[in-house]
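Coordinate analysis (summary)
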Amino acid sequence: MTSFKSLLGAVALSLGALAPEAPVHAQELRIGLITPPAHQWTKSAAHLAERLAEESGERLVLTVFSSGQLGNEAQLLQQLQAGALDMAFMTVGEFANRDAEFGALTAPYLVESAEQAAQLLEGPTATGLLDKALDLGVVGLGWGMAGMRIVLVSKPLGEDGTVAGRKMRTVPLAQELDFWSRAGAAPTPLPLPDLFDAYANGQIDGMQIDLEGTFNTRFHDYSAAVLDSEHMIFPMIAVVSARKWQTLTEEDRALIARLVAEETAAIRAAYPGIDADYRARLAEDGAPLVKAGPEIFGNAVETWYEEWRGRTPILTALEAEAATLR
Ligand code: BEZ
């Protein structure tokens, strides 16, 4: 007959065997991004996962899905809205196409530098815009950014010195498409993961990208000119599924909100240096890097503002705030 003592021992053993590394009540969370592992957004998502684990005593376990493993940004947003995905670091593309005010942050020459971009994203207008994410089924917890946008062309600019007549890769966002059309180019929306093949195969004549993406994907090897125009901010919005948010405790919401705010602040602070670093690496690598001003876009900048000030009133507020940063 089994003694009480041996029964207790068996129970203790089986509990020991079951003891998981994380607490039994651990919450599994998933964050999706389209950027590759080497990109700063992906590194920051991994850092956020570490911090969440540490500060929650391993109770909040965040797994990072990079490189569009969970789909493109349209699919990521759908999953967030359905509660099938918990978090994402996203471009404003999908947001702008549902509420044009988000696209106002991509206004050409809104700021003069990555430092000013970071400051504008910390200001009251951009911060207020985060609240509007809730109408799209997600909780906006902070603005990050990528490097300032530059222009790559596979063939040298023509005599007029503009990008007119080129098939240029853009993000599928109304304001960007309109800008490139006004510049006389043929805007060709392409997601980041499809870009290398399209450029290497000559399906596009150029692209709007950043210094980081140019160097890491070696797009400069396929370019006649890397036009360092810094003409546009490229904002990143850090979001949590509103459905998921409702299920979290007050304590977990506060922790996630604080850590995401810290992570996005670190991203904003890092990008001026990241841009400078990649600019130096491209120059060292012999990339055909040249400074370029708004003249490469013809008169697109002026006519773009005339159109979009009327369509997105937030633009005037952003312009006024940006003017104070100069
Ligand atoms: C892009 O589509 O160019 C891009 C997307 C995410 C981060 C940086 C760049």
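Here is a short report on the structure shown in this document. Being a predicted model, the structure only gives us computed values, none of them experimental. Residue positions are counted from 1 within each chain, in the order its sequence is given. The predicted nature of this model means local features are confined to residues of pLDDT at least 70 and side-chain atom pairs, given and counted, to a pLDDT of 80 or more, with totals for whole chains, interfaces and linings taken over all residues. In computing side-chain values, all of the structure's heavy atoms are included and hydrogens and water are not.

So, about empty space enclosed by the protein. Cavities and pockets were defined on a 1 Å grid built over protein atoms only: a cavity is a set of grid points that admits a 1.4 Å probe from which the probe cannot escape, a pocket is an open set flanked by protein on both sides within 12 Å along at least five of seven lines, and lining residues are those with an atom within 4 Å of any such point. Grid points are joined across faces, edges and corners, and a volume is the space filled by probe spheres set on the points. In total, this model carries one cavity of 30 Å³ or more according to the counting rule given. Its volume calculated, the largest cavity comes out at about 30 Å³. Lining of the largest cavity is provided by T106, P108, Q175, E176, F179, M232 and W304. Helix and strand definitions follow DSSP, with helices as H or I runs of at least four residues and strands as E runs of at least two, each counted in order from the N terminus. Take the lining of the largest cavity: its biggest share by element is three residues, from helix α7 (residues 174-182). Basically, the charged four are Asp, Glu, Lys and Arg, the nonpolar ten are Ala, Val, Leu, Ile, Met, Phe, Trp, Tyr, Cys and Pro, and anything else, Gly included, counts as polar. In terms of residue class, the lining of the largest cavity is made up of four nonpolar, two polar and one charged.

Another point: the pattern of salt bridges. A side-chain nitrogen of Lys or Arg and a carboxyl oxygen of Asp or Glu constitute a salt bridge if their distance falls within 4 Å. The full count for this structure, using the stated rule, is 21 salt bridges. With a shortest N-O distance of 2.8 Å, R309 and E319 are connected by a salt bridge. Separated by 10 residues along the polypeptide, R309 in helix α12 (residues 300-311) and E319 in helix α13 (residues 314-323) bring together distant segments of the chain.

Next up on the list: the packing of aromatic side chains. Between rings of Phe, Tyr and Trp, where Trp is taken as its six-membered ring, a pair exists when centres lie within 6.5 Å; planes separated by under 30 degrees are stacked, by over 60 edge-to-face, and by other angles tilted. For the coordinates displayed, the defined rule picks out 13 aromatic pairs. Between Y109 and F297, the aromatic rings sit 6.4 Å apart at their centres with planes inclined by 65°, giving edge-to-face as the arrangement. With a gap of 188 residues between them, Y109 in the loop between α4 (93-96) and α5 (114-122) and F297 in the loop between β11 (289-291) and α12 connect regions that are remote in the sequence. Exposure categories follow from relative accessible area, calculated using a 1.4 Å probe and restricted to protein chains: below 20% of the type maximum is buried, above 50% is exposed, and the middle band is partly exposed. A relative accessible area of 22% means that Y109 is categorised as partly exposed. Accessibility expressed as a relative area gives 0% for F297, which makes it buried. By definition, being over a ring means that NZ of Lys or CZ of Arg is both within 6 Å of the ring centre and within 35 degrees of the ring normal. Geometry around F234 places R149 over its ring, the cationic atom sitting 3.7 Å from the centre.

Among the secondary structure elements, S113 is positioned in the loop between α4 and α5. Residue S113 is classed as buried on the basis of its relative accessible area, which comes to 16%. Only 3.2 Å separates the side chain of S113 from the backbone nitrogen of Q116, close enough to count as a polar contact. Within 3.5 Å is the distance limit for a polar contact, defined as a pair of N or O atoms, with the added protein rule that one can donate a hydrogen and the other accept it, and that residues adjacent in sequence qualify only through two side-chain atoms.

As a further point, take the sheet that holds strand β2 (residues 60-65). A strand pair is defined by DSSP finding two or more bridges across the two strands. Taken in spatial order, the five strands line up as β2-β1-β3-β10-β4 in an open sheet, and their pairing is mixed. A strand with exactly one partner marks an edge of an open sheet, and here the two such strands are β2 and β4 (138-145). Here the strands of the sheet are splayed against their neighbours by 20° on average, with no regard to which way each runs. In this sheet, β2 lies alongside strand β1 (residues 27-32) in parallel orientation, the contact comprising six bridges. Paired with E28 across the bridge in β2 is V61. An axis is simply a line fitted to the C-alpha atoms; with a helix, the fit covers only the stretch in contact. Between two such axes, the angle follows the N-to-C directions and lies from 0 to 180 degrees.

In this section: the sheet that holds β11. Whenever strands of a sheet pair, they do so through backbone hydrogen bonds, lying parallel or antiparallel. Read across the sheet, six strands follow the order β7-β6-β8-β5-β9-β11 without closing on themselves; strand pairing throughout is mixed. Looking at the sheet topology across the chains shown, the edges are occupied by β7 (186-189) and β11. The mean inter-strand angle of the sheet, taken between neighbouring strand axes irrespective of direction, is 25°. Judged from the three bridges that link them, strand β5 (residues 150-153) and strand β9 (residues 225-228) form a sheet pairing that is antiparallel. Each residue of the ladder has a partner; that of V153, found in β9, is A225.

As a further point, take the site of the ligand. Within the structure, the ligand sits among T35, H39, W41, T91, A146, R149, R169, L192, I209, D210 and F234. The side chain of R149 places a nitrogen or oxygen atom 3.0 Å from an oxygen atom of the ligand. Note that an oxygen atom of the ligand is positioned 2.7 Å from one of the side-chain N or O atoms of R169. Shrake-Rupley sampling with a 1.4 Å probe provides the accessible areas, and residues are treated as covered by the protein chains on show and by no other component. Burial of the ligand by the protein amounts to 97% of the accessible area it has alone, namely 260 Å². Put simply, the ligand lies in the largest pocket. Partitioning the shell around the ligand into residue classes produces five nonpolar, three polar and three charged. If even one non-hydrogen atom of a residue comes within 4 Å of a molecule or strand, that residue is called near it. What decides whether a molecule sits in a cavity or pocket is whether more than half of its atoms lie within 2 Å of the grid points.

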